[in-house]
Amino acid sequence: MVMAAALLLAFGAQADGWALKKTDKERDIRVYQRAHSGSQFDDIYAVTVLEGGPARIEAILTDASAMPEWLARVTQAKVISRKKDAAIIYLRYVLPYPFRPRDAVLLSRRTKTSEGIVIEAEAVAEKYPLQKDVVRMLGAKSRWKVTTVDAHRVKVELWGSGEPGGLIPAMLYNYNVADDAVQTLKQLRRMALREKYVKAESKVEQSN
(Lines give C-alpha, C1' and ligand atoms only; values in the text may rest on other atoms or scores of the structure.)
Protein backbone atom coordinates (compact mmCIF):
# COMPACT_ATOMS: atom_id res chain seq x y z
CA MET A 1 0.00 0.00 0.00
CA VAL A 2 2.79 2.43 0.95
CA MET A 3 4.76 1.64 -2.20
CA ALA A 4 1.65 2.07 -4.35
CA ALA A 5 0.99 5.48 -2.81
CA ALA A 6 4.59 6.51 -3.44
CA LEU A 7 4.36 5.44 -7.07
CA LEU A 8 1.12 7.38 -7.53
CA LEU A 9 2.73 10.47 -6.01
CA ALA A 10 5.74 10.18 -8.29
CA PHE A 11 3.57 9.65 -11.37
CA GLY A 12 1.35 12.59 -10.46
CA ALA A 13 4.37 14.84 -9.96
CA GLN A 14 5.77 13.92 -13.37
CA ALA A 15 2.37 14.39 -15.02
CA ASP A 16 2.18 17.93 -13.64
CA GLY A 17 5.70 18.75 -14.78
CA TRP A 18 7.28 18.22 -11.36
CA ALA A 19 10.71 16.58 -11.35
CA LEU A 20 12.30 15.13 -8.22
CA LYS A 21 15.40 17.22 -7.43
CA LYS A 22 16.44 16.49 -3.85
CA THR A 23 15.78 13.81 -1.26
CA ASP A 24 16.72 13.23 2.35
CA LYS A 25 15.82 9.58 2.88
CA GLU A 26 16.74 9.61 6.57
CA ARG A 27 14.20 12.38 7.25
CA ASP A 28 11.70 11.38 4.53
CA ILE A 29 12.00 14.69 2.65
CA ARG A 30 11.38 15.01 -1.08
CA VAL A 31 11.66 18.20 -3.12
CA TYR A 32 10.31 18.59 -6.65
CA GLN A 33 10.88 21.41 -9.11
CA ARG A 34 9.23 22.57 -12.32
CA ALA A 35 9.36 25.49 -14.75
CA HIS A 36 7.04 28.41 -14.03
CA SER A 37 5.09 29.68 -17.04
CA GLY A 38 6.26 33.16 -18.03
CA SER A 39 9.25 33.11 -15.69
CA GLN A 40 12.84 31.85 -15.72
CA PHE A 41 12.58 30.94 -12.04
CA ASP A 42 11.28 27.50 -11.10
CA ASP A 43 8.49 26.56 -8.69
CA ILE A 44 9.14 24.10 -5.88
CA TYR A 45 7.08 21.48 -4.09
CA ALA A 46 8.43 19.85 -0.92
CA VAL A 47 6.85 17.15 1.23
CA THR A 48 7.66 15.28 4.43
CA VAL A 49 6.01 13.59 7.42
CA LEU A 50 6.56 15.03 10.90
CA GLU A 51 5.78 14.02 14.45
CA GLY A 52 2.80 15.83 15.99
CA GLY A 53 -0.64 17.07 15.03
CA PRO A 54 -1.75 19.97 12.81
CA ALA A 55 -1.99 22.31 15.82
CA ARG A 56 1.69 21.79 16.65
CA ILE A 57 2.88 22.54 13.12
CA GLU A 58 0.53 25.52 12.88
CA ALA A 59 2.04 26.91 16.09
CA ILE A 60 5.47 26.83 14.42
CA LEU A 61 4.34 28.21 11.05
CA THR A 62 2.60 31.18 12.69
CA ASP A 63 5.38 32.01 15.18
CA ALA A 64 7.05 34.85 13.26
CA SER A 65 9.70 35.48 15.90
CA ALA A 66 11.07 31.96 15.40
CA MET A 67 11.05 31.93 11.59
CA PRO A 68 14.77 32.82 11.28
CA GLU A 69 15.51 29.58 13.15
CA TRP A 70 14.07 27.31 10.47
CA LEU A 71 13.18 29.14 7.24
CA ALA A 72 16.18 28.92 4.92
CA ARG A 73 18.07 32.21 4.48
CA VAL A 74 15.63 34.20 6.66
CA THR A 75 17.44 36.52 9.09
CA GLN A 76 14.53 38.69 10.24
CA ALA A 77 10.79 38.13 10.56
CA LYS A 78 8.07 40.20 12.17
CA VAL A 79 4.32 40.61 12.12
CA ILE A 80 3.28 44.02 10.82
CA SER A 81 -0.41 43.49 11.50
CA ARG A 82 -2.74 40.63 12.37
CA LYS A 83 -6.51 40.22 12.10
CA LYS A 84 -8.25 36.92 12.88
CA ASP A 85 -6.80 34.34 10.46
CA ALA A 86 -4.76 36.81 8.37
CA ALA A 87 -1.48 38.60 8.98
CA ILE A 88 0.97 40.86 7.16
CA ILE A 89 4.49 39.51 7.72
CA TYR A 90 7.86 41.07 6.87
CA LEU A 91 10.78 38.74 6.04
CA ARG A 92 14.40 39.57 5.27
CA TYR A 93 16.75 37.11 3.56
CA VAL A 94 20.54 36.89 3.39
CA LEU A 95 22.19 35.77 0.15
CA PRO A 96 25.80 34.82 -0.61
CA TYR A 97 28.22 37.59 -1.61
CA PRO A 98 28.06 39.62 -3.84
CA PHE A 99 24.24 39.66 -3.82
CA ARG A 100 22.37 42.17 -1.70
CA PRO A 101 19.87 41.07 0.96
CA ARG A 102 16.28 40.51 -0.14
CA ASP A 103 13.02 41.13 1.66
CA ALA A 104 9.36 40.31 1.16
CA VAL A 105 6.09 41.57 2.60
CA LEU A 106 3.52 38.80 2.64
CA LEU A 107 -0.19 38.56 3.31
CA SER A 108 -0.63 35.24 5.09
CA ARG A 109 -4.04 33.58 5.40
CA ARG A 110 -4.84 30.51 7.47
CA THR A 111 -7.70 28.13 6.67
CA LYS A 112 -8.80 25.18 8.78
CA THR A 113 -9.88 22.05 6.92
CA SER A 114 -11.40 18.75 7.99
CA GLU A 115 -7.96 17.15 7.68
CA GLY A 116 -5.75 19.92 9.09
CA ILE A 117 -4.77 23.43 8.03
CA VAL A 118 -3.67 25.43 4.98
CA ILE A 119 -1.60 28.60 5.21
CA GLU A 120 -1.23 30.63 2.01
CA ALA A 121 0.92 33.72 1.54
CA GLU A 122 1.45 36.19 -1.30
CA ALA A 123 3.52 39.33 -1.75
CA VAL A 124 1.86 42.69 -0.95
CA ALA A 125 4.84 45.02 -1.30
CA GLU A 126 2.92 48.25 -0.70
CA LYS A 127 2.18 47.27 2.91
CA TYR A 128 5.69 48.12 4.14
CA PRO A 129 8.23 50.76 3.02
CA LEU A 130 11.24 49.83 0.90
CA GLN A 131 14.43 49.34 2.90
CA LYS A 132 17.81 50.84 2.04
CA ASP A 133 20.21 48.47 0.25
CA VAL A 134 17.63 45.67 0.26
CA VAL A 135 15.95 44.28 -2.87
CA ARG A 136 12.20 43.81 -2.51
CA MET A 137 10.95 40.48 -3.88
CA LEU A 138 7.70 40.76 -5.78
CA GLY A 139 5.28 38.07 -6.85
CA ALA A 140 6.30 35.61 -4.13
CA LYS A 141 3.72 33.00 -3.21
CA SER A 142 3.74 30.03 -0.86
CA ARG A 143 1.30 27.44 0.39
CA TRP A 144 1.69 25.18 3.40
CA LYS A 145 -0.69 22.25 3.76
CA VAL A 146 -0.70 20.16 6.94
CA THR A 147 -2.85 17.02 7.04
CA THR A 148 -3.24 14.25 9.59
CA VAL A 149 -1.57 10.92 8.80
CA ASP A 150 -2.39 9.15 12.05
CA ALA A 151 -2.67 9.91 15.77
CA HIS A 152 0.99 10.90 16.02
CA ARG A 153 2.06 12.22 12.61
CA VAL A 154 1.18 14.78 9.96
CA LYS A 155 2.01 15.22 6.30
CA VAL A 156 3.53 18.63 5.57
CA GLU A 157 3.55 20.01 2.03
CA LEU A 158 5.05 23.25 0.75
CA TRP A 159 4.52 24.91 -2.64
CA GLY A 160 6.50 28.04 -3.50
CA SER A 161 7.07 30.39 -6.44
CA GLY A 162 8.48 33.83 -7.05
CA GLU A 163 11.44 35.80 -8.33
CA PRO A 164 14.43 36.99 -6.27
CA GLY A 165 14.65 40.36 -8.01
CA GLY A 166 17.84 42.15 -8.95
CA LEU A 167 20.44 40.49 -11.14
CA ILE A 168 20.52 36.96 -9.76
CA PRO A 169 20.94 34.51 -12.68
CA ALA A 170 18.00 32.16 -13.04
CA MET A 171 20.38 29.19 -13.40
CA LEU A 172 21.94 29.94 -10.00
CA TYR A 173 18.55 30.44 -8.32
CA ASN A 174 17.10 27.25 -9.80
CA TYR A 175 20.17 25.26 -8.75
CA ASN A 176 19.87 26.29 -5.09
CA VAL A 177 16.11 26.51 -4.49
CA ALA A 178 15.67 22.77 -3.84
CA ASP A 179 18.51 22.79 -1.29
CA ASP A 180 16.81 25.65 0.54
CA ALA A 181 13.57 23.66 0.70
CA VAL A 182 15.37 20.63 2.14
CA GLN A 183 17.01 22.78 4.80
CA THR A 184 13.67 24.38 5.67
CA LEU A 185 11.96 21.05 6.23
CA LYS A 186 14.93 19.65 8.16
CA GLN A 187 14.80 22.60 10.55
CA LEU A 188 11.00 22.42 10.75
CA ARG A 189 11.36 18.80 11.90
CA ARG A 190 13.69 19.95 14.68
CA MET A 191 11.30 22.72 15.71
CA ALA A 192 8.41 20.23 15.98
CA LEU A 193 10.19 18.54 18.88
CA ARG A 194 10.43 21.72 20.98
CA GLU A 195 8.53 21.70 24.23
CA LYS A 196 7.02 25.11 23.43
CA TYR A 197 5.13 23.74 20.42
CA VAL A 198 4.27 20.40 22.02
CA LYS A 199 2.59 22.36 24.83
CA ALA A 200 0.77 24.57 22.31
CA GLU A 201 -0.66 21.44 20.71
CA SER A 202 -1.74 20.07 24.10
CA LYS A 203 -3.60 23.26 24.93
CA VAL A 204 -5.55 23.04 21.67
CA GLU A 205 -6.41 19.38 22.30
CA GLN A 206 -7.57 20.14 25.84
CA SER A 207 -9.84 22.96 24.64
CA ASN A 208 -11.56 20.77 22.05
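Attention in this report is confined to the structure presented alongside it. Sequence positions are assigned chain by chain, starting from 1 and proceeding in written order. In keeping with the predicted nature of the model, local features appear solely for residues at pLDDT of at least 70, side-chain atom pairs appear and are counted solely at 80 or more, and the whole-chain, interface and lining totals rest on all residues. The basis for every side-chain value is the complete set of heavy atoms in the structure, and neither hydrogens nor water enter the calculation.

## Examining the packing of aromatic side chains
Applicable threshold: Aromatic rings from Phe, Tyr and Trp, taking only the six-membered ring of Trp, are treated as a pair when their centres fall within 6.5 Å; an angle between ring planes under 30 degrees marks them as stacked, one over 60 as edge-to-face, and anything in between as tilted. The helix and strand labels rest on DSSP assignments: H or I over at least four residues marks a helix, E over at least two residues marks a strand, and numbering proceeds from the N terminus. Relative accessible area decides the class of each residue, using a 1.4 Å probe on protein chains only: under 20% of the type maximum gives buried, over 50% gives exposed, and in between gives partly exposed. Cation placement over rings: the criterion is NZ of Lys or CZ of Arg within 6 Å of the ring centroid and within 35° of the ring normal.
The full count for this structure, using the stated rule, is six aromatic pairs. Centroid distance Phe41 to Tyr173: 5.1 Å. Interplanar angle 90°. Geometry classified as edge-to-face. Here Tyr173 lies in helix H3 (residues 170-191) and Phe41 lies in the loop between strand E2 (29-34) and strand E3 (43-51), a separation of 132 residues in the sequence. Their ring planes at 35° and their centres at 5.0 Å tell us that Tyr45 and Trp159 sit as a pair that is tilted. With Tyr45 in strand E3 and Trp159 in strand E10 (residues 153-161), this pair connects stretches of sequence that are 114 residues apart. Judged by its relative accessible area of 6%, Tyr45 is buried. For Trp159, a relative accessible area of 24% gives the class partly exposed. The rings of Trp18, Tyr32, Tyr45 and Trp159 are connected pair by pair, giving a single aromatic cluster. One Lys or Arg, Lys78, reaches over the ring of Tyr90 and ends 5.7 Å from the middle of that ring.

## Quick look at the side chain of Glu201
This is how it is decided: Two residues qualify as a contact provided that any one of their heavy atoms is within 4.5 Å of a heavy atom in the partner residue.
Relative to the elements of secondary structure, Glu201 occurs in helix H4 (residues 195-207). Residue class for Glu201 comes out buried when judged on its relative accessible area of 8%. The residues contacting Glu201, other than those within four sequence positions of it, are Gly52, Gly53, Ala55 and Arg56.

## Digging into the nonpolar core
Cut-off, in case you're wondering: Working definition of a nonpolar core: buried Ala, Val, Leu, Ile, Met, Phe, Trp, Tyr and Cys residues. They are joined through side-chain atoms within 4.5 Å.
Judged by nonpolar contacts, the single largest core of 41 residues is most densely connected at Ile57, Trp70, Trp144 and Leu188. If you tally residues by element for this core, the top one is H3, at seven residues. With near-sequence residues (within four places) excluded, Trp144 lies in contact with Leu61, Trp70, Ile117, Val118, Ile119, Val156, Glu157, Leu158, Thr184, Leu185 and Leu188. The next biggest cluster of nonpolar side chains, apart from the first, holds six residues, and it includes Tyr90, Leu107, Val124 and Tyr128.

## Topic: the pattern of salt bridges
Stated formally: What makes a salt bridge here is a side-chain nitrogen of Lys or Arg within 4 Å of a carboxyl oxygen of Asp or Glu, nothing more.
Scanning the entire structure with this criterion turns up 16 salt bridges. Among the salt bridges present, the one from Asp24 reaches Arg27, with a minimum N-O distance of 2.8 Å. On the basis of relative accessible area, Asp24 is assigned to the buried category, the value being 12%. For Arg27, a relative accessible area of 27% translates into the label partly exposed. When salt bridges that share partners are traced, they join Glu58, Asp85 and Arg110 into one network.

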